[in-house]
Amino acid sequence: MIPRSRAGWQAELGRAVTSPAELLKILDLDAALLSPAVRAAQTFPLCVPRGFVQRMESGNPNDPLLRQVLPLGAELVPQPATFSADPVGDLDAAARPGLLHKYHGRALLIATGACAIHCRYCFRRHFPYGDHTQGRLSWETGLAHVRADPSIHEVILSGGDPLLLDDGRLKGLVDAIGALPHVRRLRIHTRLPVVLPERVTPALAELLGQVRFNHPVIVLHVNHANEIDARVRHGCAILKAAGVTLLNQSVLLRGVNDNADTLVSLSESLFDAGVLPYYLHLLDRVAGAAHFEVPEDKALQIHECLRTRLPGYLLPRLVRDAPGAAAKYPPAPC
Ligand SMILES: *Cc1c(COP(=O)(O)O)cnc(C)c1O
Ligand code: SF4
């Protein structure tokens, strides 16, 4: 049998850097970082596409993009008691395997467990994806839940990264959602147009342009303006031309974007790419990510500063995702 030729983006994904030694070498970084990186990668492997590595500054161990992906010894030190394996209560919210129904009117379908990049602060770094993604079968049970509940007006594809599905599988899924008459909106949470912009092909744009939903929403995940280069802007333009509404969520991360200048510049770069800021998340307290936490009072201060420096439409909402809460709420002012 002749193997089906892989699309360019899949080949690019296959070339992602997964070896800490190679990442340090490409970026000309101190070999002392290697041993902790190797140890931390045993819990949650390193994975970063080469195009994303190219946006990092060589020789800078504090590069804001590098910090998002480089495994550190800090992940292995004992974590504060408030940091757990399932900080946002996802396991309780699983109405069916692979479907989280936590908020009124919206259900989140785990389309795949895989990601093109492994973000060290990811709240799903311990999530037992294996139990929740048996491919089509689990979509069927998740979709059955949506079909049976007419109050669900929006389906969110999340993961992992739903755009890692190939076009055929993605189309099968969005068509199945489109066939549920009470679902009015489709949303996709994805980091791929940023970390692997090759994924944004004319075929993907056509697929998204043809769904039953008027303005399919894509919520990107960008934390720093350096993540947005010409290729990313080009992909965003293709998606917008297909009628997609583009929003962005960021996580407030110590050493990455925890100051007003960086976040102002992020909002402005997002706008230049045709993307509106949506959420600025406080870190979910996931074990292994304590070193990324920005204290709430500092987060509020930074956000107040953003409020005075940005037009209202470029100000992301500062929120925390608390287990059992009916929505993502802002932290209470101190
Ligand atoms: C974040 C999230 C949503 C979407 O929340 P919005 O406030 O509508 O962006 C929906 N379901 C789950 C389980 C979520 O974690
Ligand atoms: S892309 Fe999203 S789901 Fe995947 S590792 Fe990063 S934060 Fe987690």
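Residues numbered from 1 in each chain as written. Chains lettered and ligands numbered in written order. Predicted model: local features only at pLDDT ≥ 70, side-chain atom pairs only at ≥ 80, totals over all residues. Heavy atoms only, no water.

## A few points about the domain arrangement of the chain
As a measure of interface size, the accessible area lost when the parts come together is often cited. Formally: Here the bounds of each domain stem from an automatic or database domain assignment. By definition, residues are in contact when any of their heavy atoms lie within 4.5 Å. In this description, buried area is defined as the sum, over both parts, of the accessible area (probe of 1.4 Å) that is lost when the two are combined. The term salt bridge refers to a side-chain nitrogen of Lys or Arg lying within 4 Å of a carboxyl oxygen of Asp or Glu. Think of a polar contact as two N or O atoms within 3.5 Å of one another; within protein, one of them needs to be a possible hydrogen donor and the other a possible acceptor, and neighboring residues in sequence only count if both atoms come from side chains. Helix numbering and strand numbering both begin at the N terminus, where a helix is a DSSP run of H or I of at least 4 residues and a strand a DSSP run of E of at least 2.
What the domain assignment reports for the chain is domain 1 (11-76) and domain 2 (94-319). Each of domain 1 and domain 2 has a C-alpha centre, and these two points are 23 Å apart. Domain 1 puts 24 residues into the contact, and the matching count from domain 2 is 27 residues. Taken together, the two surfaces of domain 1 and domain 2 that pack against each other cover about 2200 Å², and 60% of this comes from carbon and sulfur. Across the domain 1-domain 2 interface, the total number found is 3 salt bridges. For the salt bridge of glutamate 75 with arginine 120, the shortest nitrogen-to-oxygen distance reads 2.9 Å. The tally of links from domain 1 across to domain 2 stands at 13 residue pairs in polar contact (both at pLDDT 80 or more). Mapped by element, the contributors of at least two residues to the side of domain 1 that touches domain 2 are α1 (8-14), α3 (34-43) and α5 (66-69).

## Overview of the nonpolar core
Stated precisely, the cut-off is as follows: What is meant by a nonpolar core is a set of buried Ala, Val, Leu, Ile, Met, Phe, Trp, Tyr and Cys residues, joined one to another through side-chain atoms within 4.5 Å. For each residue, the accessible area found with a 1.4 Å probe, counting protein chains only, is set against the maximum for its type, and the residue is called buried under 20%, exposed over 50%, and partly exposed in between.
By size, the foremost hydrophobic cluster in this structure holds 89 residues, and its most contacted members are Leu23, Val48, Met56, Leu157, Leu173 and Ile177. Per-element tally for this core: the top contributor is helix α13 (residues 260-272), with 5 residues. Beyond its immediate chain neighbours, meaning those up to four positions away, leucine 157 contacts Leu109, Pro162, Leu170, Leu173, Val174, Ile177, Leu186, Arg187, Ile188 and His189. Val217, Val219, Tyr278 and Val319 belong to the second-largest nonpolar core, a separate cluster that totals 6 residues.

## Things to note about the packing of aromatic side chains
Put simply, the rule is: To pair, rings of Phe, Tyr and Trp, with the six-membered ring standing in for Trp, must have centres within 6.5 Å; the planes then decide the type, stacked if under 30 degrees apart, edge-to-face if over 60, and tilted in the middle.
For the structure on display, the rule yields 3 aromatic pairs. Taking 5.7 Å as the distance between ring centres and 85° as the angle between the ring planes, the aromatic pair formed by tyrosine 121 and phenylalanine 292 counts as edge-to-face. Placement of tyrosine 121 in the loop between β3 (106-110) and α7 (129-132) and of phenylalanine 292 in the loop between β8 (276-281) and α14 (296-309) is noted, with a sequence separation of 171 residues between them. A relative accessible area of 4% means that tyrosine 121 is categorised as buried.

## Quick notes on the pairing of strand β7 (residues 245-251)
Keep this limit in mind: Here, a strand pair is defined by DSSP locating no fewer than two bridges between the strands. When the strands point away from the viewer and the connection leading from the first strand across the helix to the second strand turns clockwise, the crossover is called right-handed.
Of all 7 residues in β7, 6 are buried; the element is thus mostly enclosed. Across 5 bridges, the pairing between strand β6 (residues 217-221) and β7 is parallel. Following the sheet pairing, leucine 220 is matched in β7 by asparagine 248. In this view, the connection linking β6 to its parallel neighbour β7 by way of helix α12 (residues 230-241) has right-handed handedness. Pairing of β7 with β8 involves 5 bridges; the strand directions are parallel. Bridge assignment links serine 250 to a residue of β8, and that residue is leucine 280. The parallel pair β7 and β8 is bridged by α13, and the resulting crossover is right-handed.

## Observations concerning the site of ligand 1
Rule in force here: Nearness of a residue to a molecule or strand requires only that one of the residue's heavy atoms be within 4 Å of it. Note on areas: Shrake-Rupley with a 1.4 Å probe; residue coverage comes only from the protein chains shown. The pocket and cavity definitions rest on a 1 Å grid over protein atoms only: a 1.4 Å probe that fits but cannot leave marks a cavity, an open set with protein on both sides within 12 Å along at least five of seven lines marks a pocket, and residues lining either have an atom within 4 Å of a point. Molecules are considered to sit inside a cavity or pocket once more than half of their atoms lie within 2 Å of its grid points. Residues are grouped as follows: Ala, Val, Leu, Ile, Met, Phe, Trp, Tyr, Cys and Pro are nonpolar; Asp, Glu, Lys and Arg are charged; every other residue, Gly included, is polar.
In the region of ligand 1, the neighbouring residues are Leu100, Lys102, Tyr103, Arg106, Leu108, Ile156, Arg187, Tyr278, Tyr279, Asp321 and Lys328. Note that an oxygen atom of ligand 1 is positioned 2.7 Å from one of the side-chain N or O atoms of arginine 187. One of the side-chain N or O atoms of tyrosine 278 is found 2.7 Å from an oxygen atom in ligand 1. Within the complex, 93% of the 390 Å² of free accessible area of ligand 1 lies under protein. Put simply, ligand 1 lies in the largest pocket. Elements with a contribution of two residues or more to the shell around ligand 1: β2 (99-103), β3 and β8. The greatest single-element share of the shell around ligand 1, amounting to 3 residues, is contributed by β2. When the residues that make up the shell around ligand 1 are grouped by side-chain class, the tally is 6 nonpolar, no polar and 5 charged.

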